[in-house]
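Read off the chains here:
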Amino acid sequence: MNSIQVTLPDGSIHQVAPGTTPLDVARGISPRLADAAIVAKVDGQLFDLNRPFEADSALQILTTKDSEALEVYRHSTAHLCAAAVLELFPETKLAIGPPIENGFYYDFDRPDKFTPDDLDRIEGKMWELQAKALPFERKLMEKAAGIEKYTAMNEPMKVELITERAGDIFTEYTLGPNFIDFCRGPHLPDTSKIKAFKLLNIAGAYWKGDEKNKQLQRIYATAWFTKKDQDEYLTRLEEAKKRDHRKIGQELDLFSIQELAGPGLIFFHPKGGIIRKTLEDWMREAYLKRGYSLVYTPHVMRRDLWKVSGHANFYSENMFAPMELDDAEYQLKPMNCPGHILIYRDRQHSYRDLPVRLGELGTVYRYERSGTMHGLLRVRGFTQDDAHIFCRPDQVEDEIVACLDFATDTLRTFGFTSYKAEISTWDGGVSGKYDGEPDKWVLAEGALRKACDRLGIEAKVIPDEAAFYGPKIDVKLVDAIGRLWQLSTVQFDFTLPNRFELEYVGADGAKHRPLMVHRALFGSVERFFGILVEHYAGAFPTWLAPVQVAVLPITDKQIPYAQDLTEKLKAAGVRAVLDDRGEKVNLKIRDAQVQKVPYMLVCGGREAEAGLVAVRHRKRGDAGAIPFEQFLETVTAEIAAKSLE
RNA sequence: GCUGGCGUAGCUCAGCUGGUAGAGCAUCUGAUUUGUAAUCAGAGGGUCGGGGGUUCAAUCCCCUCCGCCAGCUCCA
């Protein structure tokens, strides 16, 4: 072969000599392209820039503008990290080092533990190697020889990976004199392309993610094309830290977790309590408007119930241990479904009664392993806005539509404009791990899809991700700083109606088994509360704010006037607080600002005289003096409208 | 549960690898009566997470338990 034909995305064709690399082609186009080039795409496959073409090819040069290039860049930085570790700690065994969102990690095995000081040293060594512009060199290896070689190198985890994953011929990449790694690649041409990274922390991680395996030491790092990108990311991290609901929860005195009481158990303080009440009131009202009934079920029930429901078997690890009472064992509820089922089953139902929608803000208790709790987001006792819908097959689709409409209405009400939906389906019955009759699966999955179509919701379908008892649709919201949170879920349950032998009498006079849908929109009230705190960074919209108006007399002389206004606000249902401390307004304003109170009413001599209030908004600042009645009207209207301003 | 880090006043944090603890804010008291993000002064407040050990002596060293943080695993 005398020459190779390379076709570029714009259709232009270059004839190049054998041995030519994508980087050579890029240089031929422009030095700037060669400089910005990170990796090549040859016939749709990622390809090292300095790997010679092997045949006629379609070539695309990926630069710092391509997300795939960023992954390659991060993976190469991970290799640099591992090379630095081997320089400093030669006895270290390598596991894997993939790119992740915002950076990469690398897992290592070695007898001694990395310390924060070691991270600094490793980072220093990485820059040292980076400055040498070390090439990432690609080599081909025959599998059997490779296994032999890595065994000789005493890299047991690499041997395992090669044995499992490598083809007859596999690739490996070297970096510097000491580092060689079984790796699919591709990589950067050399380390001089690496401009910004930072090692962040050390964590334990199980080999291959299995807790039965050995625990390795994982180094997490962030890596970016430019220092600027990295600084922006680090600033974002800081921002997220400032929004942490655990921190804001303490600063605004919303809730606490008490060591004496136990981990994962939440105490709502008065200010958190009023917010929670507002959420719950809204939800209960919405239930009633949408044709749900409100029920209450016990927190402890006989273990026999949990045997019938099956939880005593498949869910026992997550349940608080049984307690002896009289001659029977009782157990705290980890779910509300059996309770609702008992209510449904307490009497006969006609097909005309359906759908029956039983809703409850039901507090459940689940045993979570000690290391897994996290503020309000992962707890041992929480309250689900839980409802179960019992319906006929012909009603399923409308019910799902109603559930999804309810879910999106909930999101909108609390200020979330963006969300994602995922439908989890079965495997078609191939594995036999799914419960329930096939026709029910087909009906239910069809209803989920059709409901999304009807509402114009774009839902991603994830095959073989359903629960064993039925398919589901999950709604995930996007918060103020772009993070994704799992929230609402609508799930079919084909198992429990059978276990409890649920029935209704059809038009034909015969008994039929109803379909059961389980749904939660907030998911857990505690968790949703925590998400809200982070979404608003503590600055709740007025209708949710624990203190809506702070009335601030300037001197003692205005206290009677301010007192009067406070009473009028309270009488109108506004959460107003009078600050009658003998302090300067500056301090009173500061305190109200720090507490993120939406409105401050400054009351001085001039205002008291004329029946005015000088309005200050926490974000918009001083808005000037207006008649009190006018303020009262606007603030009550704002609250009634559940304005998100 | 596992790995690593951490636990000092209500909060945020100092405390020089052993000699029974400090600051700012908050609280209380007094003075000040103040116009849009901190008025001044004084006072009180800590079995230095719990228990055990080493030592003449432990906030500091060792063991153990509890809790918190970052992850892993698991998950609403």
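Residues numbered from 1 in each chain as written. Chains lettered and ligands numbered in written order. Predicted model: local features only at pLDDT ≥ 70, side-chain atom pairs only at ≥ 80, totals over all residues. Heavy atoms only, no water.

Quick word on the overall build of chain A
Put simply, the rule is: Counting from the N terminus, the helices are DSSP H or I runs at least four residues long and the strands are E runs at least two residues long. Each residue is placed in one exposure class: buried if its accessible area under a 1.4 Å probe, protein chains only, is under 20% of its type's maximum, exposed if it is over 50%, and partly exposed if it falls in between. Two residues form a contact once any of their heavy atoms are found within 4.5 Å. For accessible areas, the Shrake-Rupley method is used with a probe of radius 1.4 Å. Any residue's cover is judged against the shown protein chains and nothing else. Charge convention: Lys and Arg are scored as positive, Asp and Glu as negative, and His as well as the terminal groups of each chain are ignored. By convention, charge coordinates are those of NZ in Lys, CZ in Arg, CG in Asp, or CD in Glu.
For chain A, the helix and strand inventory stands at 20 helices and 33 strands. For chain A, buried positions account for 51% of its 645 residues. In chain A, the proportion of contacts linking residues at least 24 apart, taken out of those at least 6 apart, comes to 69%. For chain A, the accessible surface area stands at approximately 30,600 Å², while carbon and sulfur atoms represent 50% of it. Charged side chains of chain A number 84 positive and 95 negative; the gap between the two group centres comes to 2 Å.

So, the protein's contact with RNA strand B
Rule in force here: By convention in this text, a residue qualifies as near a molecule or strand provided that one of its non-hydrogen atoms is within 4 Å of it. Pairs of N or O atoms within 3.5 Å make up the polar contacts considered here, provided that, within protein, one atom can donate a hydrogen while the other can accept it, and that residues adjacent in sequence are counted only when both atoms are side-chain atoms.
Around RNA strand B, the surrounding shell holds 49 residues, and the nearest of these are Tyr206, Gln215, Arg378, Arg590 and Glu607. Of what RNA strand B places within 4 Å of the protein, 49% of the atoms are sugar or phosphate. The backbone of Gly204 places a nitrogen or oxygen atom 3.0 Å from a sugar or linking oxygen of RNA strand B. Between RNA strand B and Asp556, the relevant distance is 2.9 Å, taken from a base nitrogen to a side-chain nitrogen or oxygen of the residue. Looking at the surface near RNA strand B, the elements that each hand over two or more residues are β12 (196–206), β13 (215–224), α8 (245–251), α18 (585–594), α19 (605–610) and β32 (612–617). In terms of residues, the surface near RNA strand B owes the most to one element, α18, which gives six residues.

Points about empty space enclosed by the protein
Any space left empty among the atoms is revealed by the rolling of a water-sized probe across them. Basically, it comes down to this: In this analysis, the protein atoms alone were mapped onto a 1 Å grid. Cavities are point sets where a 1.4 Å probe fits without being able to get out; pockets are open sets with protein on both sides within 12 Å along at least five of seven lines; lining residues have an atom within 4 Å of a point. Grid points are joined across faces, edges and corners, and a volume is the space filled by probe spheres set on the points. Just so you know the grouping, Ala, Val, Leu, Ile, Met, Phe, Trp, Tyr, Cys and Pro go in nonpolar, Asp, Glu, Lys and Arg go in charged, and all remaining residues, Gly too, go in polar.
Taken as a whole and judged by the stated rule, the model has three cavities of 30 Å³ or more. Taken as a whole, the largest cavity spans an internal volume of roughly 90 Å³. In terms of lining, the largest cavity is formed by 13 residues, of which the most central are Leu252, Pro546, Val547, Gln595 and Lys596. There is about 40 Å³ of room inside the second largest cavity. Lining the second largest cavity we find Arg284, Leu294, Val295, Tyr296, Gly359, Glu360 and Leu361. A total of three residues in the lining of the second largest cavity trace back to one element, the largest contributor, which is strand β20 (residues 356–365). Of the residues in the lining of the second largest cavity, the class split is four nonpolar, one polar and two charged.

Points about the packing of aromatic side chains
How we decide: Note on ring pairs: Phe, Tyr and Trp rings are taken, using the six-membered ring of Trp, and paired if centres are within 6.5 Å. Classes follow the plane angle, with under 30 degrees stacked, over 60 edge-to-face and the rest tilted. Throughout this description, the term charge over a ring refers to an Arg CZ or Lys NZ atom that lies within 6 Å of the ring centre and within 35 degrees of the ring normal.
Under the counting rule described, the total for this entry stands at 32 aromatic pairs. Taken together, a centroid distance of 5.7 Å and an interplanar angle of 55° make the contact between Tyr105 and Tyr220 tilted. Of this pair, Tyr105 sits in strand β8 (residues 103–109) while Tyr220 is found in strand β13, placing the two residues 115 residues apart along the sequence. A residue is classified by how much of its surface remains accessible, and Tyr105, at 12% relative accessible area, is buried. Its relative accessible area of 27% is what places Tyr220 among the partly exposed residues. Each ring, one from Tyr434 and one from Trp441, has its centre 5.2 Å from the other, and the planes form 65°; the classification is edge-to-face. Exposure class is identical for Tyr434 and Trp441. Each is buried. Across from the ring centre of Phe89, 4.2 Å away, lies the NZ or CZ of Arg110, which sits over that ring. Over the ring of Tyr105 we find Arg218; its NZ or CZ atom is 3.6 Å from the centre of that ring.

A look at the sheet that holds strand β16 (residues 293–294)
Inclusion rule: Two strands make a pair as long as DSSP finds a minimum of two bridges between them. Axis definition: a line fitted to C-alpha atoms, over the contacting stretch in the case of helices. Angles run 0 to 180 degrees between N-to-C directions.
Pairing is mixed in the open sheet, where eight strands are placed in the order β16-β20-β21-β28-β25-β24-β22-β23. One side of each edge strand has no neighbouring strand; the edge strands of this open sheet are β16 and β23 (459–462). By the bridge criterion, five bridges tie strand β25 (residues 484–493) to strand β28 (residues 515–524) in an arrangement that is antiparallel. Pairing of Thr489 across the sheet is with Ala520, part of β28. Lying on the sheet, helix α16 (residues 525–536) is in contact with β21 (381–391), β24 (472–478), β25 and β28; it crosses β28 at an angle near 40°.

Observations concerning the pattern of salt bridges
Filter applied, for reference: Throughout this description, the term salt bridge denotes a Lys or Arg side-chain nitrogen within 4 Å of a carboxyl oxygen of Asp or Glu.
With the rule as written, the count across this model stands at 43 salt bridges. Across the salt bridge formed by Glu329 and Arg303, the nearest N and O atoms sit 3.4 Å from each other. A residue pair is termed long-range when its members are at least 10 positions apart, and Glu329 in strand β19 (residues 328–332) and Arg303 in helix α10 (residues 303–309) qualify at 26 residues. Take Glu329: its relative accessible area is 32%, and that puts it in the partly exposed class. Judged by relative accessible area, Arg303 falls into the buried class, the value being 19%.

A few points about unusual backbone geometry
Trans peptide bonds make up most of the peptide bonds, and negative phi angles are found at most residues other than glycine. In this model, Leu354 is joined to Pro355 through a cis peptide bond whose omega is 0°. If you trace the backbone, Pro355 turns up in the loop between α12 (337–345) and β20. Phi is positive for Asp43, which is not a glycine, with a value near 50°. Structurally, Asp43 is set in the loop between β3 (37–42) and β4 (45–47). We note that Asn154 has phi near 60°; this positive angle belongs to a residue other than glycine.

So, the nonpolar core
The nonpolar side chains of a soluble globular protein tend to be buried, and buried together. Applied cut-off: As used here, the term nonpolar core means buried Ala, Val, Leu, Ile, Met, Phe, Trp, Tyr and Cys residues forming a set that is joined through side-chain atoms within 4.5 Å. Note that the domain bounds were set by an automatic or database domain assignment.
With 85 residues, the main nonpolar core has Ile400, Phe414, Val549 and Leu569 as its most contacted residues. The residues that make up this core include at least three from each of domain 3 (255–297 + 336–536) and domain 4 (549–640). When residues no more than four places from it in sequence are discounted, the contact partners of Val549 are Leu569, Val574, Arg575, Ala576, Val577, Val597, Tyr599, Leu601, Phe631 and Val635. In terms of nonpolar packing, the next biggest core, distinct from the first, is built from 37 residues, Ala82, Ala83, Tyr106 and Leu129 among them.

A look at the domain arrangement of chain A
Splitting chain A by domain gives domain 1 (4–63), domain 2 (68–241), domain 3 (255–297 + 336–536) and domain 4 (549–640). On a C-alpha basis, the centroid separation for the pair domain 1 and domain 4 is 68 Å.

Some words on the environment of Thr222
Within the fold, Thr222 resides in strand β13. Considering only alpha carbons, one finds Thr222 and Pro438, 216 residues apart in sequence, at a separation of 47 Å. When near neighbours in sequence (up to four residues on either side) are disregarded, Thr222 contacts Asn102, Gly103, Phe197, Lys198, Leu200, Gln230, Tyr233 and Leu234. At 2.7 Å, the side chain of Thr222 and the side chain of Trp224 are in polar contact.

Here's the deal with the sheet that holds strand β10 (residues 169–175)
Sheet strands pair via backbone hydrogen bonds, and the direction of the pair is either parallel or antiparallel. Taking strand neighbours across the sheet as the criterion, the three strands line up as β9-β10-β11 in an open arrangement whose pairing is antiparallel. Two strands in the sheet have a free side with no partner beyond their single neighbour: β9 (136–142) and β11 (179–182). In this sheet, neighbouring strand axes are inclined to one another by 30° on average, regardless of whether the strands run parallel or antiparallel. For β9 and β10, the ladder comprises seven bridges, and the chain directions are antiparallel. Residue pairing across strands places Glu137 opposite Thr174, the latter belonging to β10. Against the sheet, helix α3 (residues 67–88) contacts β9, β10 and β11, and its axis sits at roughly 130° relative to β11. On the sheet, helix α6 (residues 156–165) packs against β10 and β11 and is oriented at approximately 35° with respect to β11.

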